[in-house]
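# Structural overview
Chain by chain, the residues:
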Amino acid sequence: MMNTTTITNLNNNIDQQVSLCGWVYKNRSSGKVLFIVLRDGTGLCQCIVEKGKVPDEIFEQLKHLSQESSLSITGTVRKEPRSPGGHELAVTDAQIIHPATDYPITLKAHGIDFLLKHRHLHLRSQMQWCLGRVRHTVIDAIRRFFNDNGFTLIDTPIFTTIAGEEVGSLFEVDYFDEPIHLTQTGQLYLESAAMAYGKVYCFGPTFRAEKSKTRRHLTEFWMVEPEIAFIDLPGLLETAENFVSFIVKETLDKNRSELETLGADIEALEKISPPFYRLTYSDSVDILTSDKAKDFLAAQLADFQQERANCESKIAELENQQNQQGLKQWKKDKIAVELIELRASIGELDTKIENNPKHAELAANFQWGKDLGGSDETIISMMHDKPVFITHYPAKAKAFYMKTDRSNDRVVENFDMLAPKGFGEIIGGSMREDSYDILIDKIKAQNLTPDTYSWYLDLRKYGSVPHGGFGLGVERTVAWITGQKHIRQCIAFPRMMDKVYI
Ligand code: 4AD
């Protein structure tokens, strides 16, 4: 019987006859030999079809088979280090399952709007496939870290009646004529579960009506939130740094080749281990207003300008090549892709060059008491090569549930974790206010109604204990690890303010 296998298993079948089922990723002919790159969902494999080694009619069918046609293909497995995946198939037979015609996503470059509208097909591309694999590992690592460390999974509701984060980012839904909303965080429910189980976590989709079109915001994203009873702020930071280091290590162990394909900074990821940097909010304000930050931003501006000049000269060189006579079609396509990418880079650099002085001014004039903005976080994270914790933000800038620091009531015992090299915040967390009286005051100070929070206040009436937790955004974590500019690439079907295509 024919041995049907998958590309990922070819290493166990060297010199054997196998069949693979998949889709045509690329198909090139050099007269008597066809080079079909097959993808089967587990990887890519180059299949060599030599005229005379397969029946003639099969050779003819394969020769005209276009991108994304499905087929089953049989041949002998050979080791070939130069081939994607390290193997080749010397084809002896094939059966076409379904020929695809005019697949809309060609191997030429397409604009992002086109690709988002075709996400149902774009998931098959190498980049999206690699991102999906890394995301899978990140999610598996998240679950394993908590399951192996004594946490109990609690599924918190998606329909909720109380707000955990900014009231302005609630999605309202009509719940049998009662206006309620979609969850922004499972945290408040999780706090009650922590009083039942000690260490708990929830993991699911989270909704925020963010009127923000930045590269870091989705309206639907996945967040994992642990919550721990009898812990303090240093203990929370330690948990968070061990957790993030574990996730990064798992992706390096399981997805090195995907990370390489995506162009991730593997050397930088290999350095991710505890301890991470620790700054207070006040330290961060000192950094933002210092000459060091000013010099850093000036050097960065010079780098952007240099990079822009390099892109310009590369474009001129490619345009020159494009005009040469007798250029092969594949070379023309390659140049066209490179030109689109270079022009997109120039657009991005222009935005950075325009924003740099504005961000420098915002940083230089930063006043203690304001929340750190995206550009402030970017500057601090740019200045570090490992993740940074920023702790003890001003109470006025933060959510009502964060615990007031008993030694300085202007600040709360909270933290954000910023991923390095400009990526920015991936975790937000805090100790929770565990005093009934202080919590009531905080709820009132933020113009919220204590009655709505009565069950949450009960937790402070019956055996209140110090407790805290945090939330990590999956898409931002995947984007940081893989080096993606925009988090929309890191979820299969992204939801953004102005984009809900399919
Ligand atoms: O800092 P946030 O708002 O914290 C909370 O929701 C807390 N209740 C968590 C807790 O303590 N249990 O959000 C946590 C993380 C952010 O650091 C970010 O990674 C992600 O959730 N996040 C978003 N990701 C994508 N799009 C958005 N609009 C996001 N908003 C937050």
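Residues numbered from 1 in each chain as written. Predicted model: local features only at pLDDT ≥ 70, side-chain atom pairs only at ≥ 80, totals over all residues. Heavy atoms only, no water.

## Concerning the overall build of the protein
A tally of regular secondary structure across the protein gives 15 helices and 17 strands. Counting only C-alpha atoms, the protein reaches 85 × 55 × 45 Å along its principal axes. A buried classification covers 50% of the 502 residues belonging to the protein. Summarising the internal contacts of the protein: among those between residues at least 6 apart in sequence, 68% fall at separations of at least 24. Per element, the accessible surface of the protein, about 24,500 Å² overall, is 51% carbon and sulfur. When the 58 basic and 69 acidic side-chain charges of the protein are each reduced to a single mean position, those positions are 6 Å apart. (Helix = DSSP H or I, 4+ residues; strand = E, 2+ residues; numbered from the N terminus. Buried < 20%, exposed > 50% of the residue type's maximum accessible area, 1.4 Å probe, protein only. Contact = heavy atoms within 4.5 Å. Areas by Shrake-Rupley, 256 points an atom, 1.4 Å probe, with all protein chains shown as cover. Lys, Arg positive; Asp, Glu negative; His and termini not counted. Charge placed at Lys NZ, Arg CZ, Asp CG, Glu CD.)

## Focus: the packing of aromatic side chains
Counting across every chain of the model gives 21 aromatic pairs. Between Phe-145 and Phe-243, the ring centres sit 5.2 Å apart and the planes meet at 50°, which makes this aromatic pair tilted. Pair noted here: Phe-145 is in helix H4 (residues 126-147) and Phe-243 is in helix H6 (residues 233-254), with a separation of 98 residues, a long-range link. Here the two residues Phe-145 and Phe-243 agree in accessibility, since each one is buried. Positioned over the ring face of Phe-35 is Arg-28, at 4.7 Å from the centre of the ring. (Phe/Tyr/Trp six-rings, centres within 6.5 Å; stacked < 30°, edge-to-face > 60°. Lys NZ or Arg CZ within 6 Å of the ring centre and 35° of its normal.)

## Brief notes about the domain arrangement of the protein
Splitting the protein by domain gives domain 1 (3-98), domain 2 (119-289 + 366-490) and domain 3 (294-360). Measuring from the centre of the C-alpha atoms in domain 1 to the corresponding centre in domain 3 gives 37 Å. (Domains from an automatic or database assignment.)

## Remarks on the sheet that holds strand S9 (residues 172-175)
Taking strand neighbours across the sheet as the criterion, the three strands line up as S8-S10-S9 in an open arrangement whose pairing is antiparallel. Two strands lie at the open edges of the sheet, namely strand S8 (159-160) and S9, each paired on one side alone. As defined by bridge partners, S9 adjoins strand S10 (residues 178-182) across four bridges and the pair is classed as antiparallel. Directly across from Val-173, in S10, lies its bridge partner Ile-180. (Pairing = 2+ DSSP bridges.)

## Side note on the pairing of strand S2 (residues 17-29)
Of the pairings in the sheet, the one linking strand S1 (residues 3-5) to S2 comprises three bridges and is parallel in character. Looking across to S2, one finds that Thr-4 is bridged to Ser-19. As judged from the seven bridges shared by S2 and strand S5 (residues 70-79), these two strands associate in the antiparallel manner. Bridge pairing in S5 links Trp-23 to Ser-70. Alignment of S2 against strand S3 (residues 33-39), held across six bridges, turns out to be antiparallel. Bridge pairing in S3 places Lys-26 opposite Val-37. Between S2 and the antiparallel strand that follows it, S3, lie three residues; Gly-31 among them carries a positive phi value of about 75°.

## Looking at the environment of Leu-372
Secondary-structure assignment places Leu-372 in the loop between helix H11 (329-364) and helix H12 (374-382). The spacing of Leu-372 and Thr-183 is 189 residues in sequence and 24 Å in space, taken between C-alpha atoms. Residues in contact with Leu-372, not counting those within four places in the same chain, are Tyr-281, Leu-288, Phe-366, Glu-377, Ile-390 and Tyr-393.

## Looking at the site of the ligand
As a structural note, the neighbourhood of the ligand is formed by 24 residues, with Glu-165, Gln-187, Arg-208, Glu-225 and Glu-425 the closest of them. Between the ligand and Arg-208 there is a distance of 2.8 Å, counted from an oxygen atom to a side-chain nitrogen or oxygen. Within the side chain of Glu-225, an N or O atom sits 2.7 Å from a nitrogen atom of the ligand. About the coverage of the ligand: the protein hides 94% of its 630 Å² of free accessible area. If you list the elements that add at least two residues to the shell around the ligand, you get strand S12 (220-229), strand S16 (424-431) and strand S17 (467-473). Counting residues per element, the shell around the ligand draws most heavily on S16, at five residues. The class makeup of the residues in the shell around the ligand is eight nonpolar, eight polar and eight charged. (Near = heavy atom within 4 Å. Polar contact = N/O pair within 3.5 Å; in protein donor to acceptor, adjacent residues only side chain to side chain. Nonpolar A, V, L, I, M, F, W, Y, C, P; charged D, E, K, R; others polar.)

## Looking at the layout of surface pockets
Space inside the second largest pocket adds up to approximately 370 Å³. For the second largest pocket, the lining is made up of 17 residues, of which Thr-42, Gly-43, Leu-44, Gly-85 and Ser-257 are closest to its centre. Counting residues per element, the lining of the second largest pocket draws most heavily on H4, which supplies four residues. Each of two domains, domain 1 (3-98) and domain 2 (119-289 + 366-490), supplies a minimum of three residues to the lining of the second largest pocket. (1 Å grid on protein atoms, 1.4 Å probe; cavity = no way out; pocket = protein on both sides within 12 Å on 5 of 7 lines; lining within 4 Å. Points joined across faces, edges and corners; volume = space filled by probe spheres on them.)

## Observations regarding unusual backbone geometry
In the segment running from Pro-274 into Pro-275, the intervening peptide bond is cis, with an omega of 0°. Checked against the element boundaries, Pro-275 lands in the loop between helix H8 (266-270) and strand S13 (277-280). If you check the backbone angles, Glu-68 has positive phi at about 75° while not being a glycine. Following the sequence through the fold, Glu-68 ends up in the loop between helix H1 (56-63) and S5. Glu-68 gets classed as buried once you look at its relative accessible area, which sits at 6%.

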